[in-house]
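# Commentary on secondary and tertiary structure
Residues per chain, in single letters:
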Amino acid sequence: MGKKRDTLGLVLVLASAAALMVALGMVFLYAPREATMGDVQRIFYFHVASAWVGFFAFFVTFLAGIGYLARGERRWDILALSSVEVGLTFIAMTVITGSLWARPVWGTYWTWEPRLTISAVQLLIYVAYGMLRASVESPERRARFAAVYGIVAFVTVPLSWFAIRWWRTIHPDIMTGGEGMAFTPKMGYTLLVSLVAFTLLYATLLRQRIRLERAADVLTRLRLRAQNIAK
Amino acid sequence: MSISVYLVAAYAIFGALTFVLVFSMWARQRQLQQEIADLASRLGEPGGAE
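Residues numbered from 1 in each chain as written. Chains lettered and ligands numbered in written order. Predicted model: local features only at pLDDT ≥ 70, side-chain atom pairs only at ≥ 80, totals over all residues.

### As for the interface of chain A and chain B
- Facing the 31 residues of chain A at the interface are 26 residues of chain B.
- Elements supplying a minimum of two residues to the side of chain A that touches chain B: α2 (43–71), α3 (74–106) and α7 (185–230) of chain A.
- No other element matches α7(A), which puts 13 residues into the side of chain A that touches chain B.
- Taken together, the residues of the side of chain A that touches chain B break down into 18 nonpolar, five polar and eight charged. (Contact = placed C-beta atoms within 7 Å. Helix = DSSP H or I, 4+ residues; strand = E, 2+ residues; numbered from the N terminus. Nonpolar A, V, L, I, M, F, W, Y, C, P; charged D, E, K, R; others polar.)

Structural data, given as structure tokens:
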């Protein structure tokens, strides 16, 4: 592995890097300065894009969990695990950058309002996914438990999405144009490009993470063979 | 002034977390490839994970 030319991997890396550069350029040079919040509102573009990718990654884990339970194939387990790991990074980005946005806008880094609380709980739930996997010895049982856990844990995604509609919250709702935020078409295009860039980045990272897990499987098989020869 | 500090900090966090993830995957991949190559040569097999 690695010696073969990975054309698709290279294309994904270049495409996501280029898209991120364009998105950054639009965030700082194209999108207008928001009237109420000022420059700090520019955090919004990558904050929303990373939340989208985090949610999408957990949706992929949800689907992969169903795929594993239906087929019992290792590739579904690898997809679920890889997507959780990448998704966790993006949700961590969302929570941290949200706090940095909140400080000048709300006057505090953190408040226990519904969206933020659910995001924090979601982060911990998916960290526990990794702990669950580490605690089960048998590969089949580990994959089965993780699949069920990944399916159940996905409930945090619609909960987080609807939290700002179901409960009183100070978190802005971008689907309604952002309460307290003057949303212009240029801001919309910038957000769209950021979403595309982050989705490409997710695809790139997910692919690499899957390759890593496959390599780990090859190593496990080689170790088993070496043990059998030694016996 | 402090507002631009938050903006810079937020984008630095995006960059730093992406770097950490990419670097950790790269380091693990390198280590795995090395171990696979070592074991494969000991077992007299052509090394390859794909």
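### Observations regarding helix α1 (residues 7–30) of chain A
- Taking 1.5 Å per residue as the helical rise, α1(A) with its 24 residues ought to reach 34 Å, and the 32 Å between its terminal C-alpha atoms agrees with that figure.
- Restricting attention to buried positions, one finds in α1(A) the residues A:S16, A:L20, A:A23, A:M26 and A:V27. (Expected span 1.5 Å × (residues − 1). Buried ≥ 20, exposed ≤ 12 C-beta atoms within 10 Å, placed from the backbone.)

### Concerning the environment of B:A37
Residues and elements named next belong to chain B.
- For A37, the position within the fold is in helix α1 (residues 2–43).
- The class of A37 is partly exposed, set by 16 C-beta atoms lying within 10 Å.
- Taking C-alpha positions, A37 is 20 Å from S24, a pair spaced 13 residues apart along the chain.

### Here we look at the nonpolar core
- Within the largest apolar cluster, 63 residues are counted, with the highest numbers of intra-cluster contacts made by A:I43, A:A49, A:A80, A:W101, A:A197 and A:Y202.
- When contributions to this core are tallied by element, the ones reaching two or more residues are α1, α2, α3, α4 (114–135), α5 (139–153) and α7 of chain A together with α1 of chain B.
- At 16 residues, the largest contribution of residues to this core is made by α3(A).
- In this structure, A:A215, A:V218, B:L32 and B:I36 belong to the second largest nonpolar core, which totals seven residues. (Core = buried A, V, L, I, M, F, W, Y, C linked by C-beta atoms within 7 Å.)

### Comments concerning the environment of A:F162
- Within the fold, A:F162 resides in helix α6 (residues 156–166).
- Sequence separation between A:F162 and A:R115 is 47 residues; the distance between their C-alpha atoms is 8.5 Å.

### Observations regarding α2(A)
- Its 29 residues place the ends of α2(A) 42 Å apart at the C-alpha level, agreeing with the 42 Å of an ideal helix rising 1.5 Å per residue.
- Directly beyond the C-terminal end of α2(A), a positive phi value near 70 degrees is found at A:G72.

### Examining the confidence of the model for chain B
- Of all residues in chain B, 84% attain a pLDDT of 70 or more, and the chain-wide mean is 86.
- What the predictor reports for the complex is a pTM of 0.90 with an ipTM of 0.84. (pLDDT = per-residue confidence, 0-100.)

### What about the packing of α1(A) against α7(A)?
Residue and element names in this part refer to chain A.
- Their axes nearest at 8 Å, the elements α1 and α7 cross at an angle of 155 degrees. Classed by the angle they form, the pair α1 and α7 counts as roughly antiparallel. The interaxial crossing formed by α1 with α7 has left-handed handedness. On α7, the residues touching G9, L12, V13, A15, S16, A19, L20, V22, A23, M26, V27 and Y30 of α1 are K186, T190, V193, S194, V196, A197, L200, L201, A203, T204 and R207.
- A per-class count over the contact of α1 with α7 returns 16 nonpolar, five polar and two charged. (Axes fitted to C-alpha atoms, helices over the stretch in contact; angles between N-to-C directions. Parallel < 35°, antiparallel > 145°, perpendicular 65-115°, else oblique. Left-handed = near helix turned anticlockwise from the far one by under 90°.)

### Some words on the packing of α3(A) against α7(A)
Residues and elements named next belong to chain A.
- Viewed as axis vectors pointing N to C, α3 and α7 meet at an angle of 130 degrees, and their least axial separation amounts to 9 Å. Judged on the interaxial angle alone, α7 and α3 are oblique. In the packing of α3 onto α7, the handedness of the crossing is right-handed. Of α7, the residues touching α3 (which contributes I78, L79, L81, S82, S83, E85 and V86) are Y202, L205, L206, R209, I210, E213 and R214.
- Class assignment for the residues of the contact of α3 with α7 results in eight nonpolar, two polar and four charged.

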